[in-house]
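# Examining the three-dimensional arrangement
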Amino acid sequence: MNETHHLRRLTTIWVVLSVAADLLFWFLVGPHVPPGRMTDMATSNQFDFNVLFVIALPVLIGVWLYLAYAIVVWSAKRGGPEPVGGEAARTNRTAQVAWITITSVVVILLAAFGTIELIVNHGSGGGEGPNPVWSPAGATQAETAALAGNGTWSPNRNQVLPVQVIAQQWKFTYRYPTFGGFETSQLVLPNNTTIAFNVTSLDVIHSFWAYQLSVKADANPQINDVAFTKTQQTGPFTVRCSELCGIWHGSMYNYGSVVSQQKFMQWAQSTEAANAANTKYLPPFAWTYVPDANGASGGYYPDGTATPYSTAEIYGAKQPAS
Amino acid sequence: MSIRGRFATVAVLFLVAVGLIVWSLMAFLTPGTPGGVMDFTTTQAPGQPVNLTVQTVGAIGFGKHPTWVSYLVKDPHTQQWVQDTTWKLPANTVVNMTVLQYDTGGPLRNQEWGQVQGTINGTASLNGKSYSVYDSNTGNGVGHTFAVPAIGLNVPLIGVSANAQVCGAGPCHTSSPHNTITFSFKTPTPGSYSWQCFVPCGLGYLFGNGGPMATQNYMGGFLEVVR
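Residues numbered from 1 in each chain as written. Chains lettered and ligands numbered in written order. Predicted model: local features only at pLDDT ≥ 70, side-chain atom pairs only at ≥ 80, totals over all residues. Heavy atoms only, no water.

### A short note on the overall build of chain B
For clarity, the cut-off: Strands here mean DSSP runs of E at least two residues long; helices mean DSSP runs of H or I at least four residues long; both are numbered from the N terminus. In what follows, a contact means two residues having at least one pair of non-hydrogen atoms within 4.5 Å. This count recognises Lys and Arg as positive and Asp and Glu as negative, with His and chain-terminal groups excluded. For the purpose of locating charges, the reference atoms are NZ of Lys, CZ of Arg, CG of Asp and CD of Glu.
A tally of helices and strands in chain B yields one helix and 13 strands. For chain B, the succession of helices and strands along the chain, N to C, is α-β-β-β-β-β-β-β-β-β-β-β-β-β. Projected onto its principal axes, the C-alpha positions of chain B cover 80 × 45 × 35 Å. Across chain B, contacts joining residues at least 24 apart in sequence account for 72% of those joining residues at least 6 apart. Between the centroid of the 9 positive side chains of chain B and the centroid of its 7 negative side chains there is a distance of 13 Å.

Structure, rendered in structure tokens:
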């Protein structure tokens, strides 16, 4: 059998196996790949993972197939001559050009695909820092209004809901600026709504990871890290800190839920009323706060920044108004 | 030296190095006073409430870090104050908790922890007076909190006046100025639940969350809830 026949046989087997594996994966496994489809970001990230799998499977099959083929067909036979790599294996220009071309094209395609997915999906659920380049429609207006204290949100109006995530050793708390700025340990979100998470920290570096929402943003002290997602399924989700932050890091998690817009409205209004006695003692809502590094005897104060996403944020300790 | 001898030497040195690394890691990870588990499952009839009494002191006064702030728990069998922060409790049972707060207070870093949450009736009692929210920027402020995040429990522990003759070293006696804070909560299903203070009271450490805040048996521990 000559070399051409080997290549033809290998290629045929590889194509058949790759197509079969990709189809099986795409239709049977793909819909169940994490992080699911609870938000548009989750759906998008699941799609990305599936595309990467579909690209990777033929590569994996190609390597394994070649290895298995070589072991079975080209291995030394008992009593026969030792196989030796011939001159053609080292100087085959066609093979070299094909290898460099194919791998280069795959890498460039992956880079382009990743970049497009990042831009089209408004950061793909990742924290974009205080000045997000890829904001969904209406986000900046909603955040500006929230900071000014006149933001609103109500069902069926397709409004962006700003939610502030405050990390501290060792728990996340959440402020809802469009509902009087109340703070709570519960994270409840309305369905079919674009959420603007504004993530910050009162002490060390944490990371807000809402796995099923496909949102992950670093929580840095005195930094507002903004991430977007749009809910599209009701149900529970998990929030974990994904930055090693001290002795109780493993306990820094909680469960949130996506509920219907009407239920969310009821929850927000009732929690705003229930927490009103404490909300009046909270500092005014701000994107970031200045923790007192002296330990126990210090509150946290708004940094005084008036403009969302401003590049000119100046952080300085402000004393409480009272 | 023969090859066998060299091999044996290298093996011994390797084992010594591994031993030193393990010992160092263990010493780093368990710097607190070795503590046991305070068992509250045998102190009352099944289904009856558990009475749990603790005190918070500005300085523990003994052990490896005598100047560190700490919780102490009253042993239900001997009535002695013990530095254990892992408490074994029966599941789905009411716990009547009494905190003798001997430490001073101040403004909370996050006033969210000034709100009583997760107790039965959503309130706690300060020297016999019910409260559900405490403005930590006024009065003596909040000295510590008792919080079990996984079950949504948080109680701010109001500080004593800094001008008083504050107890200098634990265990403190009730003759020293203190606040008595009582509340009740229900234990969840069996499991291990961490509890902690949310006041960064590790003075001298970055953001106040090192030292006693980052060492078990001082300002945090576990509720070991069993059937």
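### Considerations on the domain arrangement of chain A
All names here are of chain A. The following threshold applies: Either an automatic procedure or a domain database provided the assignment from which the domain bounds are taken. Whenever a carboxyl oxygen of Asp or Glu lies within 4 Å of a side-chain nitrogen of Lys or Arg, that contact is scored as a salt bridge. Polar contact is the term for a pair of N or O atoms within 3.5 Å; when the atoms are in protein, one must be able to donate a hydrogen and the other to accept it, and sequence-neighboring residues count only if both atoms are side-chain atoms. Each residue receives one of three labels: charged for Asp, Glu, Lys and Arg, nonpolar for Ala, Val, Leu, Ile, Met, Phe, Trp, Tyr, Cys and Pro, and polar for the others, Gly being one of them.
Domain boundaries assigned for chain A yield domain 1 (3–74 + 93–120) and domain 2 (139–302). Once you take the C-alpha centre of each, domain 1 and domain 2 turn out to be 39 Å apart. With 10 residues of domain 1 at the contact, the number on the domain 2 side is 15 residues. There are zero salt bridges connecting domain 1 and domain 2. The interface formed by domain 1 and domain 2 includes 10 residue pairs in polar contact (both at pLDDT 80 or more). Each residue belonging to the side of domain 1 that touches domain 2 can be placed in one class, and the counts come to five nonpolar, three polar and two charged.

### Remarks on the nonpolar core
Under the convention used in this document: Throughout, nonpolar core names a set of buried Ala, Val, Leu, Ile, Met, Phe, Trp, Tyr and Cys residues whose side chains join them through atoms within 4.5 Å. Under the scheme applied here, a residue whose accessible area is under 20% of the maximum for its type counts as buried, over 50% as exposed, and between as partly exposed, the area being computed with a 1.4 Å probe on protein chains only.
Counting residues in each nonpolar core, the largest one holds 88 residues, and the members touching the most others are Tyr176(A), Leu187(A), Phe197(A), Phe208(A), Phe264(A), Trp87(B) and Phe146(B). Each residue touching Tyr176(A), except ones within four places of it in the same chain, is listed here: Val163(A), Gly181(A), Phe182(A), Thr184(A), Gln186(A), Leu187(A), Val188(A), Phe264(A) and Trp267(A). Among the nonpolar cores identified, the runner-up in size contains seven residues, and Phe285(A), Ala286(A), Trp287(A) and Tyr289(A) belong to it.

### A short note on the interface of chain A and chain B
The condition is simple: The term buried area refers to how much accessible surface (probe radius 1.4 Å) is lost by two components on association, counted for both of them together.
Taken together, the contacts link 31 residues of chain A with 33 residues of chain B. For the pair chain A and chain B, the summed buried surface comes to about 2600 Å²; carbon and sulfur atoms form 57% of the total. If you look at where chain A meets chain B, you find zero salt bridges. Applying the counting rule to chain A against chain B returns seven residue pairs in polar contact (both at pLDDT 80 or more). In the side of chain A that touches chain B, the residues fall into 14 nonpolar, 13 polar and four charged.

### Concerning a nonpolar patch on the surface
Residue and element names in this part refer to chain A. Operational definition: In this analysis, a patch consists of residues with relative accessible area above 30% that form no salt bridge, clustered at 9 Å for like charges and at 5 Å for the nonpolar side chains Val, Leu, Ile, Met, Phe, Trp and Tyr. Accessibility throughout is a Shrake-Rupley quantity obtained with a 1.4 Å probe, and a residue counts as covered only by protein chains that appear here.
Among the surface-exposed residues, Trp-14, Val-15, Val-19, Leu-23, Leu-24, Trp-26, Phe-27, Leu-28, Val-29 and Phe-47 lie close enough to one another that they form a single nonpolar patch of about 940 Å² accessible area. In terms of residues, the nonpolar patch owes the most to one element, helix H1 (residues 3–29), which gives nine residues. Tracing the backbone through its elements, the reader meets Leu-28 in helix H1. In this structure Leu-28 comes out as exposed when scored by relative accessible area, which is 56%.

### Examining the packing of aromatic side chains
All names here are of chain A. The cut-off we apply is this: Aromatic rings from Phe, Tyr and Trp, with only the six-membered ring used for Trp, were paired whenever their centres fell within 6.5 Å, and each pair was classed as stacked if the ring planes differed by under 30 degrees, edge-to-face if by over 60, and tilted otherwise.
Following the criterion strictly, the structure yields 30 aromatic pairs over all chains and no others. Relative to Trp-74, the ring of Tyr-69 has its centre 5.2 Å away and its plane inclined at 75 degrees; by these criteria the two rings are edge-to-face. A relative accessible area of 7% means that Tyr-69 is categorised as buried. Ring geometry for Tyr-174 against Phe-208: centres 6.5 Å apart, planes inclined by 70 degrees, an arrangement best described as edge-to-face. Residue Tyr-174 is located in strand E2 (residues 171–176), and its partner Phe-208 is located in strand E6 (residues 206–210); the two are separated by 34 residues in the primary sequence. A residue is classified by how much of its surface remains accessible, and Tyr-174, at 0% relative accessible area, is buried.

### Here's the deal with the pairing of strand E10 (residues 253–259) of chain A
Residue and element names in this part refer to chain A. The condition that has to hold: A pair of strands is considered paired only if DSSP assigns at least 2 bridges between the two.
Sheet topology places strand E4 (residues 188–190) next to E10; three bridges connect them, and they run parallel. Looking at E10, one finds that Val-188 is bridged to Ser-257. Of the strand pairs in this sheet, strand E9 (residues 235–241) and E10 are connected by six bridges, and their pairing is antiparallel. Each residue of the ladder has a partner; that of Pro-236, found in E10, is Ser-257.

### A look at helix H5 (residues 139–148) of chain A
All names here are of chain A. Quick reminder of the rule: By construction, the arc corresponds to the directions joining the helix axis to the C-beta atoms.
Buried within H5 we find Ala-139, Ala-142, Glu-143, Ala-146 and Leu-147. The buried side chains of H5 occupy one side of the element, clustering within an arc of 130 degrees when seen end-on. Exposed and oriented more than 90 degrees from the buried face of H5 are Gln-141 and Ala-148. For H5, the elements touching its buried residues are strand E1 (161–168), strand E5 (194–201) and strand E8 (225–230). Taken from the residues just after H5, Gly-149 is the one with a positive phi, measuring 85 degrees.

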